[in-house]
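Listed here are the chains, written in short residue letters.
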Amino acid sequence: MWNFILRNIGQRLILLVIVSFVAHSFIHLAPGEPSEVDPMNPRMKPEDIAKIRAAFHLDDPLHVQYAYWIRDLFNGELKSFKDSQPVLPKIWDRFLNSLPLFILATILVWTLAFPAGIYGAVHRGGLYDRSTVFLSYALISVPGFFLSYLAILWVVGWLGVPVISIKTFGMEQAEPAYKIMDRVWHLVIPSVMLAIGGIAVLSRYVRSQMLEVLSQDYVRTARAKGLQENTVIYGHALGNALLPFVTMFGLLLPGLIGGSVIFEQIFAWPGLGRLAYEAILARDFPVIMTLNFIAAVLTLSGTLLSDILYAVVDPRIRLH
Amino acid sequence: MRWWIPGSGCIKEPYEKESKIMDKSSINFSSQAPAMSLALEALPPPETPWQEFLRIFQKDYQALFGFWVLMLLLFIALAGKVLTEWWVVFDPEMVRLTDKFLPPLSVPTPDSLPTDRPFVGMYLMGTDELGRDVFARMFQGSFVSLSIGFVAVGISLSIGIVLGGLSGFYGHVKLGFITVDTLIMRFTDAMMCFPTFFLILTAVALLPPSIYTIMIIIGLFSWMGTARFVRAEFLSIREQDFVTAAKALGIPEARIIFRHMVPNALAPVFVSATIGVASAILTESGLSFLGFGVPPPYATWGNILSDGKGFVFDAPWLFFIPGIAIFVVVLAFNLVGEGLREALNPKLRSR
């Protein structure tokens, strides 16, 4: 067991080094530099550009720049090109903003997708099954921002609640109850929008997984023994059908950054995705690279965690 | 009601009858070998994989619906290319400031120049903030959006098949101290660690804006899934008897790979290609929303939608027409992809 975990961690560390290479060289090989954000500005003299390039080590060869990046990243001294603020605290602040959104969306996905998928599989071919399957296709086929705009129009128009940004400006003096409700309303719509894609995809996985298990011999045996249908489905089939989803926990983590760029932009939510977008607009290389790096760390630790969990919950898998 | 698919003609019903006959004959004559071989001579050839695929696909009404929507879309896109660029009947770039924000099905205002009037005498889908004909723009955009999807998927499939095939077939070859398989799959894993949309966004933002950049970037960053399952397919096919037989016959390796193995590995590739086109179209609209879409001379559906989002109240058609169009097309691609998956995957057939 420990051997397995250690070797896995070792493999993932090697992978992480490759990832950091790829992230770094990819950003730096692309044309467009931080010193060229505003080329038409007459006040940008060539010597200013040279000064900027020297300050950011942009004149050094790539491997030297890479070394600088890694050194600063692990010293915690990495500074943003845009405003010279330290990168890690900046990312941490935005991460804390994104966290409630992400947690609520995850809870919504996992609590809604499983019952929907399981019920569909058990009553396969029925009206409910066919309509939810179709609905899940429909939901992954709508452009996210189109649906979000419709939701904003509907919620603001009919219910008259605020939805843009993280809280209403100027509510500091209000009663705590109002403040909390304000935060909740701001949180709900973006989380639902963020969750919809996940619900659609996950419920279909759950459904097909459940169908696969229900068609196996031991389920038929359980039925032949005369067990009640509920015992067969919830006692015998469900556990095995849910096993593979342990691995999906790990794959959810990187969605924290990647999936939320558009939604945080729509809802003006000051989270990680928005930070990424702003960094891209400003050619803020340290922030972009560090975000990519953190996303990779999250993915790798997520998959490691799910590998171990999978082995723990499924005794048929032997670690070696 | 029967749907017609090219090539399927009237295969379905005669075949089903004959298959019943075959069942009976095999039971009746199972103990009498000579009679059985006589009966077999009179039987039709067994169902080819293609016929089997059609038989299953035709029963899937959602997938069939998607298929016909896509055929229609293909026709519209080709017509759009011809009628808006080569032989300009609908001019998507004509600015008519007198005719701003006209709702769908409205006629041009009397102030507009007679030469500027749209072809059919009215604006079928209204006009936008510059008085451009939304119908003409959607018409042109259908080709552009679809070609973004197809080119992006073409690129990602080529990379995925080559890398997956290499690592599946020549995986054991050593390059210095690591095998080809390790090299390719570790690189694939590294690429999968990044959040795809963020990566695409970064690349598109840093590179000079053009329609080709977007196609290529979307393709370059979405091949990882294809590579992984092509590798898996190759690994399992390589061990099968027909490949061993081909090797024993002394068939050259290239021919074994491309004539014998690739066709057998293609089924999941088709599925992921169909769904890949859908997600490329969605990605393009997302990029447009963030302001990194296809630059102005071309209209794409994502462009029109993200330009229209500012006029939801004043001119809702600018928002709803492209939004619903993207929705229908992406839905059709997803339904066809899922239908293909069901029809091509023998594991799912019994369900």
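Residues numbered from 1 in each chain as written. Chains lettered and ligands numbered in written order. Predicted model: local features only at pLDDT ≥ 70, side-chain atom pairs only at ≥ 80, totals over all residues. Heavy atoms only, no water.

Trainee: Sorry if this is basic, but what is going on with the overall build of chain A here?
Mentor: Each helix and strand counted, chain A has 14 helices and zero strands in total. Ordering the α and β elements of chain A from the N terminus gives α-α-α-α-α-α-α-α-α-α-α-α-α-α. A principal-axis box enclosing the C-alpha atoms of chain A has dimensions of 85 × 60 × 35 Å. Relative to its full complement of 320 residues, chain A shows a buried share of 42%. Relative to all contacts within chain A whose residues are 6 or more apart in sequence, the contacts with residues 24 or more apart total 72%. Total accessible area on chain A stands at roughly 16700 Å², and carbon and sulfur atoms take up 66% of it. Distance between charge centres in chain A, computed from 25 positive and 23 negative side chains, equals 8 Å. (Helix = DSSP H or I, 4+ residues; strand = E, 2+ residues; numbered from the N terminus. Buried < 20%, exposed > 50% of the residue type's maximum accessible area, 1.4 Å probe, protein only. Contact = heavy atoms within 4.5 Å. Areas by Shrake-Rupley, 256 points an atom, 1.4 Å probe, with all protein chains shown as cover. Lys, Arg positive; Asp, Glu negative; His and termini not counted. Charge placed at Lys NZ, Arg CZ, Asp CG, Glu CD.)

Trainee: What exactly am I supposed to notice about the side chain of D133 of chain B here?
Mentor: All names here are of chain B. Within the element layout of this structure, D133 appears in the loop between α4 (61-86) and α5 (134-169). A relative accessible area of 4% places D133 in the buried class. Beyond its immediate stretch of four places on either side in the chain, D133 contacts R96, P118, Y123, G126 and T127.

Trainee: So what exactly am I meant to see when it comes to the nonpolar core here?
Mentor: Generally speaking, nonpolar side chains in soluble globular proteins are found buried as a group. I266 of chain A together with F57 and L290 of chain B are the most contacted members of the largest nonpolar core, which totals 133 residues. For this core, the leading source of residues is helix α11 (residues 253-289) of chain B, giving 15 residues. Not counting chain neighbours up to four residues away, the residues in contact with I266 of chain A comprise F145, S148, Y149, I152 and I164 of chain A together with F289 of chain B. In this structure, A121, I199, L214 and A237 of chain A belong to the second largest nonpolar core, which totals 23 residues. (Core = buried A, V, L, I, M, F, W, Y, C linked by side-chain atoms within 4.5 Å.)

Trainee: Just to check I follow, could you spell out the confidence of the model for chain B for this structure?
Mentor: Low-pLDDT stretches of the model should not have their predicted coordinates read in fine detail. All names here are of chain B. Within chain B, residue pLDDT values average 81, and 85% of them lie at 70 or more. This model gives residues 1-32 a pLDDT under 50, and the stretch forms 27 contacts once residues within four places in sequence are excluded. Predicted complex, confidence summary: ipTM 0.85, pTM 0.84. (pLDDT = per-residue confidence, 0-100.)

Trainee: How do you make sense of helix α6 (residues 144-159) of chain A when you look at a structure like this?
Mentor: It helps to recall that an α-helix has 3.6 residues per turn; residues three or four apart then point in one direction. Compared with an ideal rise of 1.5 Å per residue, which puts 16 residues at 22 Å, α6 of chain A spans 22 Å between its outermost C-alpha atoms and is within 8% of the ideal. Burial in α6 of chain A covers these residues: F145, F146, S148, Y149, A151, I152 and V155 of chain A. For α6 of chain A, the elements touching its buried residues are α7 (176-214) and α12 (261-266) of chain A together with α11, α12 (301-308) and α13 (316-344) of chain B. Directly after α6 of chain A, the chain includes G160 of chain A, whose backbone phi takes a positive value near 65°. (Expected span 1.5 Å × (residues − 1).)

Trainee: I tried to follow the packing of α5 of chain B against α13 of chain B on my own but got confused; where do I start?
Mentor: Each pair of packed helices can be summarised by the angle the axes make with each other and by the distance between the axes. All names here are of chain B. The N-to-C vectors of α5 and α13 enclose an angle of 35°; their axes lie 12 Å apart at closest approach. The way α5 lies across α13 gives a crossing that is right-handed. When α5 is examined against α13, the residues V134, M138, L146 and F150 are found in contact with a partner set consisting of L318, I321, P322, A325 and F333. Of the residues contributing to the contact of α5 with α13, the split by class is nine nonpolar, no polar and no charged. (Axes fitted to C-alpha atoms, helices over the stretch in contact; angles between N-to-C directions. Left-handed = near helix turned anticlockwise from the far one by under 90°. Nonpolar A, V, L, I, M, F, W, Y, C, P; charged D, E, K, R; others polar.)

Trainee: What should I look at first to understand the interface of chain A and chain B in this one?
Mentor: How large an interface is tends to be reported as the accessible area lost when its parts come together. Taken together, the contact between chain A and chain B spans 48 residues of the former and 44 residues of the latter. When the two sides are added together, the surface that chain A and chain B hide from each other amounts to roughly 4000 Å², 80% of it contributed by carbon and sulfur. Going through the elements one at a time, α1 (2-29), α5 (127-141), α6, α7, α11 (255-258), α12, α13 (272-281) and α14 (285-313) of chain A are the ones with two or more residues in the side of chain A that touches chain B. Among the elements that take part in the side of chain A that touches chain B, α14 of chain A stands out by supplying eight residues, more than any other. For the side of chain A that touches chain B, the class distribution of residues is 36 nonpolar, seven polar and five charged. (Buried area = accessible area lost by both parts, 1.4 Å probe.)

Trainee: What exactly am I supposed to notice about the packing of aromatic side chains here?
Mentor: Both the distance between ring centres and the angle between the ring planes are used here to describe each pair of aromatic rings. Tallied over the full model, the rule gives 25 aromatic pairs over all chains. Here F319 of chain B and F320 of chain B contribute two aromatic rings whose centre-to-centre distance is 5.4 Å and whose plane-to-plane angle is 80°, an arrangement assigned as edge-to-face. Exposure remark for F319 of chain B: the relative accessible area of 0% places this residue in the buried category. A relative accessible area of 28% means that F320 of chain B is categorised as partly exposed. Taken together, the ring pairs connect F145, F146 and Y149 of chain A together with F289, F319 and F320 of chain B into an aromatic cluster. (Phe/Tyr/Trp six-rings, centres within 6.5 Å; stacked < 30°, edge-to-face > 60°.)

Trainee: Just to check I follow, could you spell out the environment of N292 of chain A for this structure?
Mentor: Residue placement: N292 of chain A occurs in helix α14. Judged by relative accessible area, N292 of chain A falls into the buried class, the value being 0%. Taking the C-alpha atoms as reference, N292 of chain A lies 9.4 Å from H24 of chain A; in sequence the two are 268 residues apart. Each residue touching N292 of chain A, except ones within four places of it in the same chain, is listed here: A23 and I27 of chain A together with F194, P195, F198 and L199 of chain B.

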